[in-house]
Amino acid sequence: MLQRKLNIANLNTPIQKLDQLSSTLGKQIYVKRDDYTGAEISGNKVRKLEYTIQYVFDNGYDTVITTGAITSNHARATAALCAKYNLECHLVLRGDAAIFEGNLFLGTMLGAKIHQISADTSREDTMDELYHQLKSEGKHPLIIPVGASDWIGTHGYINAYEEILKQQQTMNIHFDSINVAVGSGGTYAGLWYGNNVHNEQTKVIGYAVDQSAPAFTDKVKEIIHDIDKSVTSFDSININDHYIGLGYGQATDEELAFYVEIAQQEGIIFDPTYTGKAFRGLISEIKQGNYNNQEHILFIHTGGLQGYTEETRQRIQHMISNQD
Ligand SMILES: Cc1ncc(COP(=O)(O)O)c(C=O)c1O
């Protein structure tokens, strides 16, 4: 296990109760605000990057290459940390941006070198090419995989699990489940592993935002295997892929209407790519009775508000003006 990490995120993040939803659904629903970890670095990624960038220093790298969608929160957080620590940062971003906004804008402003590739180009091959080119220029680059979801970054959520254990004690409650969005697997893997190590009865439930549950289960197993080969039983991995909807980064009108409803009811905004889909999944599963034996339910808000593109903002504006 890695012991060393940066201390850059605002931790511990608070756990807040959602009063209206709790009373409507007859449950105690709480949100852990990992969207409060920072501004430029906000969301779940900085917990992972605290370990990854420490690893960069400890191993003498001077350049970072990483990847994600054109809207990637991980890429933006990586750009911010590289700026702060004077590391050269290369972001391989896949997809088209209709306009220059959100994380693409922020990453550029933070000084990252952007390598935009088409949807059918391999991110890994592009990173490999870049790696060799930078090596030939005398640089010492580290490739950070998508979402920093590998054995290094996942330490961030093993750590977050311990933080939750301590907060439970202070709050004098025990969460029956911890629920989270799954986009590249590291956040879920860290929470699941923490739960496993501590032998807790809490269920760790993931809501997939793009790939299938079996694909993510394999990814989580792979990450855990790289951390601790003594774990052999993975039966309690619980990833639900029923709320992906139209696919990664796509939102239906029904989904957007749900995010508006929650915003106006609880004063909390979920993003349309990760937390919104996962939280909608959680509420839908509670309504279907699949959390009937649970009282205290924790959802982790992993950030991502920069993911509201002009297109989704306009659709929401239209929706709200039709309400009046
Ligand atoms: C805002 C947000 N929430 C959740 C996730 C999912 O976390 P992970 O990639 O560790 O599965 C991501 C990234 O993929 C994200 O950017």
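Residues numbered from 1 in each chain as written. Predicted model: local features only at pLDDT ≥ 70, side-chain atom pairs only at ≥ 80, totals over all residues. Heavy atoms only, no water.

What about the overall build of the protein chain?
Okay, so step 1: Looking only at helices and strands, the protein chain features 11 helices and 10 strands.
Okay, so step 2: Relative to the 2.2 N^0.38 estimate, which gives 20 Å for 324 residues, the radius of gyration of the protein chain is 19 Å and therefore close to what a compact globule would have.
Okay, so step 3: Counting only C-alpha atoms and orienting by the principal axes, one finds that the protein chain spans roughly 60 × 50 × 35 Å.
Okay, so step 4: Split into buried and exposed, the 324 residues of the protein chain put 54% on the buried side.
Okay, so step 5: When contacts within the protein chain are restricted to residue pairs at least 6 apart in sequence, long-range pairs at least 24 apart make up 78% of them.
Okay, so step 6: A total of about 14,200 Å² of accessible surface is found on the protein chain, and carbon and sulfur atoms cover 46% of it.
Okay, so step 7: Charged side chains in the protein chain number 26 positive and 39 negative. The centres of these two groups are separated by 4 Å. (Helix = DSSP H or I, 4+ residues; strand = E, 2+ residues; numbered from the N terminus. Rg over C-alpha atoms; globule rule 2.2 N^0.38 Å. Buried < 20%, exposed > 50% of the residue type's maximum accessible area, 1.4 Å probe, protein only. Contact = heavy atoms within 4.5 Å. Areas by Shrake-Rupley, 256 points an atom, 1.4 Å probe, with all protein chains shown as cover. Lys, Arg positive; Asp, Glu negative; His and termini not counted. Charge placed at Lys NZ, Arg CZ, Asp CG, Glu CD.)

Regarding helix α2 (residues 45-58)
Okay, so step 1: With 14 residues, α2 ought to run about 20 Å at 1.5 Å a step, and its terminal C-alpha atoms sit 20 Å apart, in line with that.
Okay, so step 2: Here α2 lies mainly inside the structure; 11 of its 14 residues are buried.
Okay, so step 3: Those residues of α2 lying buried are Lys45, Val46, Arg47, Lys48, Leu49, Glu50, Tyr51, Thr52, Ile53, Gln54 and Val56. (Expected span 1.5 Å × (residues − 1).)

Comments concerning the side chain of Arg123
Okay, so step 1: Residue position: Arg123 is located in helix α5 (residues 123-136).
Okay, so step 2: Look at Arg123: it is buried, it has no salt bridge, and the nearest opposite charge is Glu124 at 4.6 Å.
Okay, so step 3: In this structure, Arg123 is in contact with Thr67, Gly68, Ala69, Val92, Arg94, Ile117 and Val146, ignoring residues within four places of it in sequence. (Salt bridge = Lys/Arg side-chain N within 4 Å of Asp/Glu carboxyl O.)

Here's the deal with helix α4 (residues 102-109)
Okay, so step 1: Looking at α4, one finds that the buried residues are Asn103, Leu104 and Gly107. Considered in projection along α4, the buried side chains sweep an arc of 105° and stay on one side of the axis.
Okay, so step 2: Against α3 (73-84), β4 (88-94) and β5 (113-117) lie the buried residues of α4.
Okay, so step 3: Just downstream of α4 lies Gly111, where phi reads positive at about 95°. (Arc of directions from axis to C-beta.)

With respect to the UniProt feature "active site" (unreviewed entry) in the protein chain
Okay, so step 1: Per the UniProt annotation, the sites labelled "active site" (unreviewed entry) are Ser72.
Okay, so step 2: With respect to the helices and strands, the residue Ser72 is situated in the loop between β3 (63-69) and α3.
Okay, so step 3: At 3.3 Å, the side chain of Ser72 and the backbone nitrogen of His74 are in polar contact. (UniProt positions renumbered as here; feature names shortened; annotations may be inferred. Polar contact = N/O pair within 3.5 Å; in protein donor to acceptor, adjacent residues only side chain to side chain.)

Brief notes about the packing of α2 against α3
Okay, so step 1: Two elements in contact, α2 and α3, have axes separated by 10 Å at closest approach and are oriented at 45°. What the angle tells us is that α2 and α3 run oblique. Relative to α3, α2 is oriented so that their crossing is right-handed. Judged by residue contacts, Lys45, Val46, Leu49 and Ile53 of α2 engage Asn73, His74, Ala77, Thr78 and Leu81 from α3.
Okay, so step 2: Taken together, the residues that form the contact of α2 with α3 break down as five nonpolar, three polar and one charged. (Axes fitted to C-alpha atoms, helices over the stretch in contact; angles between N-to-C directions. Parallel < 35°, antiparallel > 145°, perpendicular 65-115°, else oblique. Left-handed = near helix turned anticlockwise from the far one by under 90°. Nonpolar A, V, L, I, M, F, W, Y, C, P; charged D, E, K, R; others polar.)

Observations concerning the site of the ligand
Okay, so step 1: Lys45, Lys48, Ser184, Thr187 and Thr302 are the nearest of the 16 residues found near the ligand.
Okay, so step 2: Backbone polar atom of Gly185 to an oxygen atom of the ligand: 2.8 Å apart, as the coordinates give it.
Okay, so step 3: A distance of 2.6 Å separates an oxygen atom of the ligand from a polar atom in the side chain of Thr187.
Okay, so step 4: Bound to the protein, the ligand loses 97% of the 380 Å² it would expose on its own. (Near = heavy atom within 4 Å.)

Looking at the nonpolar core
Okay, so step 1: Membership of the largest hydrophobic core comes to 33 residues, with the highest contact counts inside it found for Tyr188, Leu191, Ile224 and Ile239.
Okay, so step 2: Looking at this core, the elements with two or more residues in it are α6 (155-171), β7 (177-182), α7 (186-197), β8 (203-208), α8 (213-227) and β10 (296-301).
Okay, so step 3: The residues touching Ile239, leaving out its near neighbours within four places in the chain, are Tyr188, Gly206, Ala208, Ala213, Phe216, Thr217 and Val220.
Okay, so step 4: Within the second largest apolar cluster, 30 residues are counted, among which are Ala251, Leu282, Ile316 and Met319. (Core = buried A, V, L, I, M, F, W, Y, C linked by side-chain atoms within 4.5 Å.)

Focus on the domain arrangement of the protein chain
Okay, so step 1: The domains assigned to the protein chain are domain 1 (15-43 + 150-322) and domain 2 (46-144).
Okay, so step 2: Between domain 1 and domain 2, the C-alpha centre-to-centre distance is 25 Å.
Okay, so step 3: Each partner contributes to the interface: domain 1 provides 27 residues, whereas domain 2 provides 19 residues.
Okay, so step 4: Counting the surface domain 1 buries against domain 2, the share from its top three residues, Ile41, Ile152 and Gln306, is 29%.
Okay, so step 5: In this assembly, domain 1 and domain 2 are joined by three salt bridges.
Okay, so step 6: When the shortest N-O distance is used, the salt bridge between Glu163 and Arg47 registers 2.9 Å.
Okay, so step 7: Summed over the shared surface of domain 1 and domain 2, the result is seven residue pairs in polar contact (both at pLDDT 80 or more).
Okay, so step 8: Here the side of domain 1 that touches domain 2 takes six residues from α6, the largest share from any one element.
Okay, so step 9: A per-class count over the side of domain 1 that touches domain 2 returns eight nonpolar, 13 polar and six charged. (Domains from an automatic or database assignment. Buried area = accessible area lost by both parts, 1.4 Å probe.)

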